[in-house]
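# Working through the structure, step by step
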Amino acid sequence: MDYFSLGLEILCLAGLSVMHMTFSSRLTGKKQRAWHLFVYFLLLCILELLSLAFAIPGILTIGAGAAALYAMNRLALKNKRPASWTAAIFAVYISQLSFGIINSAEMMLFPHLIGKPLLYGMVLFATMAAFFVCACCYGAIRKLLSLDADSQTPYLGLLLFPGLFFFAAELYLLHTSYRISVSSLSLPDTKNLALLSLQVMGLGALFCTLYAYRHLCRGFQAQAALQSLTQAAQAQKIYIAEAQMRYEQTKSFRHDIKNHFAVLDGLLHSGKWEEGRKYLKKLRTVSDTLSFPCQTGNPVVDILLGEKLGLARASGIDMEVSLLLPKFCGIDDLDLCVIFANALDNAICACQAGEGAKHIRIAGKQQGDFYLLSFENTCSGEPLPPAGTGLSNIQSAAKKYHGTMLTEKEGTLFSLNVLLNISLHSENASIPKV
């Protein structure tokens, strides 16, 4: 091997080390360090030396390089197995495909430049062109696939066989057709053109597969969100049914209250004090079953808050409600359930993840044609995760009433404000505190 070939080989290994590790780190959302590049470059050099010393077939060397990149993803970048093999296969496959495309085009000119000074320049230009094509392909894959997104990682198994197929097909082309081309230098341009076309079509097939995979993941995510919404709607219907039942029970109790007072008055006038106390105790028990721990003016919200208050207290969370919903405000009970259920579920989960004193505060205030709901809760000091289905549901409910939703986090305190456009039929009343 002459000095030019040796230098070019070292340059290619260094370039591949940088591109493979950079692609893997950005694809999986992990931070890359300088020693990662050095260790991976050293592994590639060792594999190349072993290949030259023991005449190991190139296809085995490339496979070993993919295994080394997988190990770097697992041990250095701390990626999970699916993300590691996906990043390794696509990184090595794209680099081999890029060099294969350029080599197929290069072989059409190579025989005409043997023995001429332009040969070295053409080889250097072809190498740089291969790296450029590789970088462009990596960028395109990053736009179609993101292994740090929770919406895509659960379905990576769907990419296993397509990825292995593309990788194996490219290795087969390089091992059979390209090796023969280099040794004989006599393949017609039509065959080199056919190899170039096959590799370009392979690249297009990969992008089509990733595009379909991205939309498939979105479909799965939408299906999961729809299922979550269906379950939430079913739970909210239960809240409404229970509220209606409570209302009927309260209406019946109020209808019979005069009879209860008459019975109690008769017992007291006849001197049956003990029987009177027992009867009064029974009335108090019935009255307690009809009351709500939170009085907001809306029976559906009262039942929901009562349930969430029990969950909060079981987790050691202090919950304070300062809220009076205006009557006949035009907001559907289902939408109120969406807002309160999702906001309180998120608040309880956030409080459970935090440390120290935990609290949830709910307040409401009418401002002209608008009503402002405020939710405040403690949370951990970690950055907020991406908005999930709960906040999306709240945002959709707010938009339905020409309102908006705002979130804010300061240290370990998270606040959620929901502004709703309501009618002006609410009655002024004092705001109770629970």
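Quantities reported herein were computed from a predicted structural model and do not represent experimental measurements. (Residues numbered from 1 in each chain as written. Predicted model: local features only at pLDDT ≥ 70, side-chain atom pairs only at ≥ 80, totals over all residues. Heavy atoms only, no water.)

Moving on: the overall build of the protein. Along its length, the protein carries 11 helices and 5 strands. Looking at the protein as a whole, 40% of its 434 residues qualify as buried. A separation of at least 24 residues holds for 75% of the contacts in the protein among residues at least 6 apart in sequence. With an accessible surface of roughly 24200 Å², the protein has 64% of that area assigned to carbon and sulfur atoms. (Helix = DSSP H or I, 4+ residues; strand = E, 2+ residues; numbered from the N terminus. Buried < 20%, exposed > 50% of the residue type's maximum accessible area, 1.4 Å probe, protein only. Contact = heavy atoms within 4.5 Å. Areas by Shrake-Rupley, 256 points an atom, 1.4 Å probe, with all protein chains shown as cover.)

Two numbers describe how helix H4 (residues 81-106) lies on helix H5 (residues 118-144): the axes approach to 8 Å, and their chain directions differ by 140°. Here H4 is positioned oblique relative to H5, judged by the angle of their axes. Here H4 runs over H5; the crossing is right-handed. Contacts between H4 and H5 involve Phe90, Ala91, Ile94, Ser95, Ser98, Phe99, Ile102 and Glu106 on the former and, on the latter, Met122, Val123, Ala126, Thr127, Ala129, Ala130, Phe131, Val133, Cys134, Cys137, Tyr138 and Ile141. Grouping the constituent residues of the contact of H4 with H5 by class yields 16 nonpolar, 3 polar and 1 charged. (Axes fitted to C-alpha atoms, helices over the stretch in contact; angles between N-to-C directions. Parallel < 35°, antiparallel > 145°, perpendicular 65-115°, else oblique. Left-handed = near helix turned anticlockwise from the far one by under 90°. Nonpolar A, V, L, I, M, F, W, Y, C, P; charged D, E, K, R; others polar.)

As paired elements, strand E1 (residues 318-322) and strand E2 (residues 359-367) share 5 bridges and run parallel to each other. Within the sheet, the bridge partner assigned to Ser322 lies in E2 and is Ala363. Taking the sense of rotation as the criterion, the β-α-β connection linking E1, helix H10 (residues 333-353) and E2 turns out left-handed. For E2 and strand E3 (residues 370-378), the ladder comprises 8 bridges, and the chain directions are antiparallel. Considered in E3, the bridge of Gln367 is made with Phe370. Counting the residues between successive antiparallel strands, the hairpin from E2 to E3 contains 2 residues, one of them, Gly368, with a positive phi of roughly 65°. (Pairing = 2+ DSSP bridges. Right-handed = clockwise from strand over helix to strand, strands pointing away.)

Oppositely charged side chains can pair when the atoms bearing their charge come close. Under the counting rule described, the total for this entry stands at 4 salt bridges. Where Lys308 meets Asp345, a salt bridge forms, and the shortest distance between an N and an O atom there is 2.7 Å. Pair noted here: Lys308 is in helix H9 (residues 299-314) and Asp345 is in helix H10, with a separation of 37 residues, a long-range link. Residue Lys308 is classed as buried on the basis of its relative accessible area of 6%. (Salt bridge = Lys/Arg side-chain N within 4 Å of Asp/Glu carboxyl O.)

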